[in-house]
Amino acid sequence: MKKDIILCGVGGQGILSIATIIGEAATEAGINLKQAEVHGMSQRGGDVQSNLRLSTDPIWSDQIPTGETDVIISMEPMEALRYIGYLSPEGTIITNTKPFVNIPNYPDEAALMNELSEMNNVQLDIEAIATELKSPKSANMVLLGMAAPYIEVLSVEQLRKAVSVIFARKGEAVVEANLKAFDRGVEASKK
Amino acid sequence: MEKRLLLGDEAIALGAIHAGLSGVYAYPGTPSTEITEFIQTNKEAIEKGIRSRWCTNEKTAMEAALGMSYCGKRALVCMKHVGMNVCADAFVNSAITGVNGGLVVLAADDPSMHSSQNEQDSRFYGKFAMIPIFEPSNQQEAYDMMRTAFELSESLKEPVMLRVVTRLAHSRAAVTVGKAIDQNKLTPSTDNAHWVLLPGNARRNYLDLISKQEDMLKASYESNTNDMITINNSDNGKWMGIVACGIGYNYVREALNGIKNNETNYMILKITQYPLPTEAIQKMAAACKSILVVEDGQPVVEEEVKKLVNTSYKLEGRLTGKLPRTGELNPDNVSLALGKENKPVFDPAQNMAGRPPQLCQGCGHRDVYAAIGEVVKEYENARVFGDIGCYTLGALPPFKALASCVDMGASITMAKGAADAGLWPAIAVIGDSTFTHSGMTGLLDAVNDKSNVTIIISDNLTTGMTGGQDSAGLNKYEAICLGLGVEPEHVRVVVPLPKNMPEITQILREEINYKGVSVIIPRRECIQVAARHARERAKQNNK
């Protein structure tokens with residue numbers, strides 16, 4: 001069994017912490033993992049993505065072949081669409097709905113959301129939820145929660161546990177806030 | 001055995017620590033930076049007192065590492081591929097002196113130029129210096145190879161190169177790690193004839209290096225990661241040969257797994273250590289109808305294999321167009337070369353726009369470019385020569401300020417050359433870290449020539465582009481400029497903030513109009529690093 005995931009967003013949005021948690025869960029569960037990141041110039045407000053491959057069999061390439069991505073997890077709606085060329089026919093997009101506009105030619109929002117809705121997708125304004133939970137920094141954990149039931153190679157419970165492990169050194173309050181955000185994401189995903 | 005999730009760079013770093021490393025020497029450069037950063041913060045490395053501070057440039061790094069090796073200790077030098085150009089003099093000559101303690105030169109290449117200005121292949125440098133090259137195919141090999149590389153360096157008494165590419169440097173996987181061995185004792189060399197490269201000594205040493213080539217080739221044959229793998233799909237006798245170097249091997253295996261009802265049989269020679277085991281390739285050519293060379297970077301191996309087979313033999317790779325001539329390998333282009341096309345299922349999105357990188361909001365470089373933009377409008381022929389760093393983004397909209405960006409330090413020297421040719425105003429923009437890396441000598445040339453240039457050292461107190469590493473000249477910039485002979489009244493310091501725009505533009509005009517060398521230093525800390533420092537202070541206060 002395998003799951004090929006593209007994590008994406010805009011440089012600085014925190015996609016790598018999502019990758020770290022999935023990585024922790026995979027290592028704990030003994031699932032093979034390869035995760036290719038982009039560092040350097042593009043982290044300065046440009047588009048960023050990370051290829052994350054999970055499998056019970058050995059993984060060869062660090063990058064996912066075109067048309068084989070199972071899940072796109074995106075911190076930003078237009079960025080989610082950037083990678084649909086890599087998506088498999090049954091693939092799902094899990095995305096934040098709030099645009100990050102730092103370019104003058106950002107597309108029409110209604111048309112963008114319309115195009116996104118035609119895909120197999122789960123969408124949510126994760127920043128609004130995180131603000132509602134009084135924990136704006138944990139928006140990415142809402143997104144991970146939304147994606148959790150789709151990762152399948154790892155259970156929701158395994159991922160939840162990894163959230164506590166990764167945030168443990170930041171204290172109990174931070175762990176609680178992130179678990180709450182994660183749980184809200186899981187809930188939204190099931191609707 | 002402990003398993004750890006590590007970036008390729010981190011696997012290299014931990015491998016070195018566990019191989020008895022005594023010092024790492026490096027200048028930051030994507031995709032190599034994380035190796036040194038890992039050693040700087042790793043508890044075990046700190047306890048062992050491994051030397052790890054950033055160097056001023058790759059040449060000082062290479063020479064200091066050679067000095068440590070001279071004393072019998074194991075040293076590692078890390079850089080991005082273009083850093084090899086900077087340290088080439090020391091590097092090539094280190095193969096002539098040979099080494100005492102193990103010396104590993106780590107070059108991280110960047111095919112596709114994700115964060116670089118060219119895609120030169122460091123294996124050429126390894127071949128040029130006539131030393132062994134290691135090229136791991138995955139994170140585990142990267143970790144394990146570090147020890148092998150140090151051992152080979154000490155047994156041959158020569159430096160060895162370890163070459164990686166971006167996709168391995170910046171990809172994470174689980175690595176089984178072992179225990180550290182002790183560092184070497186201090187045993188400075190007494191063999192002056194080997195280290196003093198006077199022509200008489202150098203001629204002897206060069207012959208010595210040539211005589212070691214056979215041992216290097218033998219090591220490639222004995223390597224347990226240079227492997228011949230056969231995949232037998234049918235009895236039809238149809239065999240295809242593949243020479244797969246480094247991570248190219250992974251793409252080959254990925255592609256072959258994806259081909260359904262495949263009736264071709266494959267002989268795959270996985271290359272992770274050079275010199276190239278040529279005899280194995282000749283055997284492959286005899287057994288197979290064709291050979292495909294899969295290598296990331298430039299066609300180094302393909303050119304060598306070409307010499308081993310006759311002209312009518314079907315040899316394919318980047319030179320023949322079977323694989324793209326430029327850019328990195330990926331599962332799709334390797335798959336296509338092996339006969340299977342990976343097609344997208346969905347059409348490209350309609351509502352899409354490019355999102356290029358940009359200077360952070362609030363960054364001091366922005367204010368510098370705003371001021372330059374305003375002032376240069378007033379001069380018909382003004383040209384701004386740029387340099388390597390975050391501020392290269394000043395070439396993109398909305399600033400579109402730069403006329404050039406070539407290599408570390410070239411802003412100052414190109415502005416100088418342009419001024420010599422008669423261009424005015426000739427303005428250079430260079431960062432603080434780039435200035436100490438390779439700008440200072442150019443400034444001395446300009447001073448000696450009384451060149452009519454205006455040099456802007458945009459000082460953000462850090463090496464910003466690579467993530468905020470120490471800047472070698474911190475708090476020394478005025479002193480350096482004065483020491484090199486810039487007149488005190490033409491070394492001007494400003495604070496790049498929107499509210500200071502009238503002052504900055506006025507100073508710019510004054511210094512452009514001065515017929516000689518001026519240095520303007522806009523100084524304000526990188527906002528990313530300032531935020532990190534604030535977090536660190538808050539953490540300290542909470543303790």
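Please refer to the structure higher up on the page.
Here's what I pulled together on the structure shown here. Counting from 1, residues in each chain are numbered in the order their sequence is written. Chain labels run from A onward and ligand labels from 1 onward, assigned in the order the entries are written. Residue-level local features of this predicted model are given only where pLDDT is at least 70; pairs of side-chain atoms are given and counted only at 80 or more, and the full residue set underlies all totals for whole chains, interfaces and linings. As a rule here, side-chain values come from all non-hydrogen atoms in the structure, and water together with hydrogens is ignored.

## Examining the overall build of chain B
So, step 1. Strands are runs of DSSP state E lasting at least 2 residues, helices are runs of H or I lasting at least 4, and numbering of each runs from the N terminus. When its secondary structure is counted, chain B shows 22 helices and 18 strands.
So, step 2. Throughout, the radius of gyration refers to the C-alpha atoms, and the reference size of a globule is 2.2 Å times the residue count to the power 0.38. Computed over C-alpha atoms, the radius of gyration of chain B comes to 26 Å, within 12% of the 24 Å expected from 2.2 N^0.38 for 543 residues, which places it in the range of a compact globule.
So, step 3. In terms of overall dimensions, chain B has C-alpha extents of about 80 × 70 × 60 Å along its principal axes.
So, step 4. Of all 543 residues assigned to chain B, the portion counted as buried reaches 58%.
So, step 5. Taking as baseline every contact in chain B between residues at least 6 positions apart, the subset at least 24 positions apart corresponds to 79%.
So, step 6. As used throughout, the charge tally considers Lys and Arg to be positive and Asp and Glu to be negative, leaving His and the chain termini uncounted. Charged side chains are reduced to one point each, which is NZ for Lys, CZ for Arg, CG for Asp and CD for Glu. Both charge centroids of chain B, one from 56 positive and one from 61 negative side chains, sit 3 Å from each other. Throughout this description, buried means an accessible area under 20% of the type-specific maximum (1.4 Å probe, protein chains only), exposed means over 50%, and partly exposed covers the range between. The contact rule is simple, with two residues in contact once any of their heavy atoms fall within 4.5 Å.

## Looking at the side chain of Asp 110 of chain B
Residues and elements named next belong to chain B.
So, step 1. Along the chain, Asp 110 turns up in the loop between strand 4 (103–109) and helix 7 (122–129).
So, step 2. Salt bridge criterion: a side-chain nitrogen from Lys or Arg within 4 Å of a carboxyl oxygen from Asp or Glu. Summary of buried charges: Asp 110 has no salt-bridge partner, and the nearest side chain of opposite charge, Lys 80, is 4.9 Å away.
So, step 3. In protein, a polar contact means a hydrogen-donor-capable atom and an acceptor-capable atom, both N or O and within 3.5 Å, with residues adjacent in sequence counting only if both atoms are side-chain atoms; elsewhere, any N or O pair within 3.5 Å suffices. Here Ser 115 takes part through its backbone nitrogen, which lies 2.8 Å from a polar atom of the side chain of Asp 110.
So, step 4. A distance of 2.6 Å separates polar atoms of two side chains, one belonging to Asp 110 and the other to Thr 166.
So, step 5. Those residues in contact with Asp 110 that sit more than four places away from it in its chain are Pro 31, His 81, Ser 115, Ser 116, Asn 118, Glu 119 and Thr 166.

## Quick look at the sheet that holds strand 14 (residues 383–385) of chain B
All names here are of chain B.
So, step 1. In this description, strands pair whenever DSSP reports at least two bridges between them. Taken in spatial order, the five strands make up an open sheet running 14-15-16-18-17, and their pairing is parallel. Sheet topology places strand 14 and strand 17 (491–494) at the edges, where each strand pairs with a single neighbour. Strand-to-strand twist across the sheet, computed as the mean angle between neighbouring axes with direction ignored, equals 20 degrees.
So, step 2. As paired elements, strand 14 and strand 15 (residues 426–431) share three bridges and run parallel to each other. Pairing of Phe 385 across the sheet is with Ala 428, part of strand 15.
So, step 3. Axis lines are fitted to C-alpha atoms, over the contacting stretch for helices. Their N-to-C directions set the angle, which ranges from 0 to 180 degrees. Its contacts with the sheet put helix 18 (residues 410–421) on strand 14, strand 15 and strand 16 (453–458), and the angle it makes with strand 15 is roughly 175 degrees.
So, step 4. Running over the sheet, helix 19 (residues 432–449) touches strand 15, strand 16 and strand 18 (518–522) and is turned about 145 degrees from strand 15.

## What about the pattern of salt bridges?
So, step 1. Following the criterion strictly, the structure yields 40 salt bridges over all chains and no others.
So, step 2. A salt bridge links Lys 161 of chain A to Glu 28 of chain A; the shortest N-O distance between them is 3.9 Å. Remark: Glu 28 of chain A occurs in helix 1 (residues 15–29) and Lys 161 of chain A occurs in helix 6 (residues 156–167); sequence separation between them is 133 residues.
So, step 3. Where Arg 318 of chain B meets Asp 296 of chain B, a salt bridge forms, and the shortest distance between an N and an O atom there is 3.5 Å. Residue Arg 318 of chain B is found in the loop between strand 13 (314–316) and helix 16 (331–337), and its partner Asp 296 of chain B is found in the loop between strand 12 (290–294) and helix 15 (300–308); the two are separated by 22 residues along the sequence. Here Arg 318 of chain B matches Asp 296 of chain B in class, with each residue buried.

## Here we look at the pairing of strand 12 of chain B
Residue and element names in this part refer to chain B.
So, step 1. Taken across its five residues, strand 12 has five buried, putting it largely inside the fold.
So, step 2. Of the two faces of strand 12, the one holding Ser 290, Leu 292 and Val 294 and the one holding Ile 291 and Val 293 are both buried throughout.
So, step 3. As paired strands, strand 9 (residues 239–245) and strand 12 are joined by five bridges and run parallel to one another. In the strand pairing of strand 12, Met 240 is matched with Ser 290.
So, step 4. Pairing between strand 12 and strand 13: three bridges, direction parallel. Paired with Leu 292 across the bridge in strand 13 is Glu 316.
So, step 5. For a crossover, the right-handed case is the one in which the path from the first strand over the helix to the second runs clockwise, viewed with the strands pointing away from the viewer. With helix 15 bridging strand 12 and its parallel neighbour strand 13, the resulting β-α-β unit is right-handed.

## A closer look at the nonpolar core
Residue and element names in this part refer to chain B.
So, step 1. Definition of nonpolar core: a set of buried residues of the types Ala, Val, Leu, Ile, Met, Phe, Trp, Tyr and Cys, connected through side-chain atoms within 4.5 Å. Among the nonpolar cores identified, the biggest contains 108 residues, and Ile 39, Leu 76, Phe 91 and Leu 338 are the most heavily contacted of them.
So, step 2. Aside from chain neighbours lying at most four places away, what touches Ile 39 is Ala 13, Ile 17, Leu 21, Val 24, Ala 45, Ile 50, Ser 52 and Leu 76.
So, step 3. Among the nonpolar cores identified, the runner-up in size contains 51 residues, and Ala 426, Phe 435, Val 447 and Leu 484 belong to it.

## A few points about the sheet that holds strand 5 (residues 133–134) of chain B
All names here are of chain B.
So, step 1. Pairing in this open sheet of six strands is mixed, and the strands run 2-3-4-6-5-11 from one edge to the other. Edge positions in the open sheet fall to strand 2 (21–26) and strand 11 (273–274), since each of these has one partner strand only.
So, step 2. Relative to strand 4, strand 3 (residues 74–80) runs parallel, the two being bridged by six bridges. Pairing of Ala 75 across the sheet is with Leu 103, part of strand 4.

## Details of helix 14 (residues 278–287) of chain B
All names here are of chain B.
So, step 1. Within the span of helix 14, buried status applies to Ala 280, Ile 281, Met 284 and Ala 285. Summarising the axial view, the buried residues of helix 14 lie within an arc of 140 degrees, below the 170-degree limit, and thus occupy one face. Exposed residues lying more than 90 degrees from the buried face of helix 14 are Lys 283 and Ala 286. By construction, the arc corresponds to the directions joining the helix axis to the C-beta atoms.

## Notes on the packing of helix 1 (residues 8–18) of chain B against helix 2 (residues 33–41) of chain B
Residues and elements named next belong to chain B.
So, step 1. It is at 8 Å that the axes of helix 1 and helix 2 come closest, and there the two elements cross at 45 degrees. Classified by the angle their axes make, helix 1 and helix 2 are oblique. Judged by the sense of rotation from one axis to the other, the crossing of helix 1 with helix 2 is right-handed. Counting all contacts with helix 1, which are made through Asp 9, Glu 10, Ile 12, Ala 13, Leu 14 and Ile 17, the residues of helix 2 involved are Thr 33, Glu 34, Ile 35, Phe 38 and Ile 39.
So, step 2. Of the residues assigned to the contact of helix 1 with helix 2, the class counts are seven nonpolar, one polar and three charged. For classification, angles of less than 35 degrees are called roughly parallel, those exceeding 145 degrees roughly antiparallel, those between 65 and 115 degrees roughly perpendicular, and all remaining angles oblique. Two helices that cross are described as forming a left-handed crossing if the nearer one is turned anticlockwise from the farther one by less than a right angle, and a right-handed crossing if clockwise. Just so you know the grouping, Ala, Val, Leu, Ile, Met, Phe, Trp, Tyr, Cys and Pro go in nonpolar, Asp, Glu, Lys and Arg go in charged, and all remaining residues, Gly too, go in polar.

## Here we look at the interface of chain A and chain B
So, step 1. In this complex, chain A contributes 49 residues to the contact, which on the side of chain B involves 49 residues.
So, step 2. Together, the buried faces of chain A and chain B total about 4,100 Å²; carbon and sulfur atoms form 53% of this surface.
So, step 3. Linking chain A to chain B there are four salt bridges.
So, step 4. Close ionic contact of Arg 355 of chain B with Glu 76 of chain A constitutes a salt bridge, the shortest N to O distance being 3.2 Å.
So, step 5. Our enumeration of links across chain A and chain B arrives at 20 residue pairs in polar contact (both at pLDDT 80 or more).
So, step 6. Elements that contribute at least two residues to the side of chain A that touches chain B include exactly helix 1, strand 2 (32–36), strand 3 (47–55), helix 2 (77–82), strand 5 (87–96) and helix 3 (109–117) of chain A.
So, step 7. Of the residues that constitute the side of chain A that touches chain B, the class distribution is 20 nonpolar, 16 polar and 13 charged.
So, step 8. Across three bridges, strand 2 of chain A lies against strand 7 (residues 171–177) of chain B in antiparallel orientation. Each bridged residue has a counterpart across the sheet, and for Ala 36 of chain A the counterpart in strand 7 of chain B is Ser 171 of chain B. Summed over both partners, the accessible area (1.4 Å probe) lost when two parts come together is defined as the buried area.

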